[in-house]
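# A look at the structure
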Amino acid sequence: MDDGPDMAGVERHPARDNLAQGAAPLAAGTLIAQSIGSGITVRSREGRTILFGRQAEGVHVCVGADDLGISRQHGVLTCKNNRWWLSNVGRRPVRLPSGELPSNGEPVPLATGYTALFVLGAEQRVHLLEVYIAGNDGERPRALPDHATVQPVKWNLTTDEHKALVVLGQRYLRNEPNPQPLPWQQATDELALIDPTGRWRIKRLQHVVLNLRLRMAEKVSGLVAAEVPAPVGNQLNDNLIRELVRTGSILPKDLEIIDVD
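This is a predicted model, so every value here is computed, not measured.

## What about the packing of aromatic side chains?
Counting across every chain of the model gives zero aromatic pairs. The residue whose ring lies beneath R204 is W200, and the NZ or CZ to ring-centre distance is 4.2 Å.

## Things to note about the side chain of D67
When you line up the elements, D67 lands in the loop between β5 (61-62) and β6 (75-80). Within the local environment of D67, its side chain forms a polar contact with the side chain of H127, the two groups lying 2.7 Å apart. Filtering out sequence-adjacent residues up to four positions away, D67 remains in contact with R54, G121, A122, R125 and H127.

## Examining the sheet that holds strand β3 (residues 38-42)
One open sheet holds the seven strands; their spatial order is β1-β3-β2-β12-β11-β8-β9, and the pairing between them is antiparallel. The open sheet has two free edges, formed respectively by β1 (10-14) and β9 (99-101), since each of these has just one partner strand. The mean angle between the axes of side-by-side strands here comes to 25 degrees, regardless of whether they run parallel or antiparallel. As defined by bridge partners, strand β11 (residues 113-120) adjoins strand β12 (residues 126-133) across eight bridges and the pair is classed as antiparallel. Across the sheet, V119 pairs through a bridge with H127, a residue of β12.

## A word on the confidence of the model for the chain
Of the residues in the chain, 92% have a pLDDT of 70 or more, and the chain-wide mean is 87. For the chain, β1 is the element with the lowest average pLDDT, namely 76, and helix α1 (residues 159-168) is the one with the highest, namely 97.

## Here's the deal with unusual backbone geometry
The phi dihedral of E123 is positive, around 55 degrees, even though this residue is not glycine. Positionally, E123 belongs in the loop between β11 and β12. E123 gets classed as exposed once you look at its relative accessible area, which sits at 76%. Positive phi, close to 55 degrees, is recorded for R199, a residue that is not glycine. As for its placement among the helices and strands, R199 is situated in the loop between α3 (184-194) and α4 (202-216). Given the relative accessible area of 71%, R199 is considered exposed.

## Focus on the sheet that holds strand β10 (residues 108-109)
Strand order in the open sheet formed by five strands is β5-β4-β6-β7-β10, and the pairing between neighbours is mixed. Strands at the two margins of the open sheet, each flanked by one partner only, are β5 and β10. As defined by bridge partners, strand β7 (residues 83-88) adjoins β10 across two bridges and the pair is classed as antiparallel. From the neighbouring strand, L86 faces β10, where its bridge partner is V108.

## Quick notes on the pattern of salt bridges
Summed over the entire model, instances satisfying the criterion amount to nine salt bridges. Its salt-bridge partner being R215, residue E161 comes within 2.8 Å of it at the nearest N-O pair. In this pair, E161 is assigned in helix α1 and R215 in helix α4, connecting sequence segments 54 residues apart. Residue class for E161 comes out buried when judged on its relative accessible area of 6%.

## A short note on the layout of surface pockets
Empty space within the second largest pocket amounts to approximately 210 Å³. Lining of the second largest pocket is provided by 14 residues; of these, G29, N82, R83, T112 and I133 occupy positions nearest its centre.

Criteria and cut-off values
Residues numbered from 1 in each chain as written. Predicted model: local features only at pLDDT ≥ 70, side-chain atom pairs only at ≥ 80, totals over all residues. Heavy atoms only, no water. Phe/Tyr/Trp six-rings, centres within 6.5 Å; stacked < 30°, edge-to-face > 60°. Lys NZ or Arg CZ within 6 Å of the ring centre and 35° of its normal. Helix = DSSP H or I, 4+ residues; strand = E, 2+ residues; numbered from the N terminus. Polar contact = N/O pair within 3.5 Å; in protein donor to acceptor, adjacent residues only side chain to side chain. Contact = heavy atoms within 4.5 Å. Pairing = 2+ DSSP bridges. Axes fitted to C-alpha atoms, helices over the stretch in contact; angles between N-to-C directions. pLDDT = per-residue confidence, 0-100. Buried < 20%, exposed > 50% of the residue type's maximum accessible area, 1.4 Å probe, protein only. Salt bridge = Lys/Arg side-chain N within 4 Å of Asp/Glu carboxyl O. 1 Å grid on protein atoms, 1.4 Å probe; cavity = no way out; pocket = protein on both sides within 12 Å on 5 of 7 lines; lining within 4 Å. Points joined across faces, edges and corners; volume = space filled by probe spheres on them.

This is the structure in structure tokens:
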């Protein structure tokens, strides 16, 4: 740590503008990573590691220098098997387009092209780390204006799971600011009103939600307590609802089951 990160083959430079629009032609696998004010460019090489975090002298890219919620070394980008992989070694999650990578979770591969990573800090602060990886032709991904839109893969929910999560996650579906899951008792009371024959009790609701989280946890991180930093609070159900909303598995129109006279 005292000697600083290995800078062999790493080019430091000011942050580039419009990185989301790509970069000049680069060797395949070349990585550009940047945060506010500065960035690096480095060619791919098996085993090469790039560090980011709060301590400027101990990392390649400084992120959240004034935020004590960001670890000194918060994340690692590693070149392995001709791909770049992201590991979270900090105390708080890193948010990707596909969801949150919890502390010490399994490394995830990054796609070629542009990826925006959000490092979660203290007091709801969020720090952007932009990553661009050159594809096989060294060019930025070509525009596809006339191609069919790729639809998100929805989760198959049972009738009970669908009702439970629409009620539990109604604040998200109503697009309220800083939404949280409905309290268990309130959600149970509402379920009993809209589904009088369902024999809804708090224990039954919790059992339905737990089973759904465990089923989805095979493909989605942040749905079991071991993957979320303490205190857990509502984080597991928050992650669950956000995944269901993101994939269109529950929709605002589903509020019709609640918003009845």
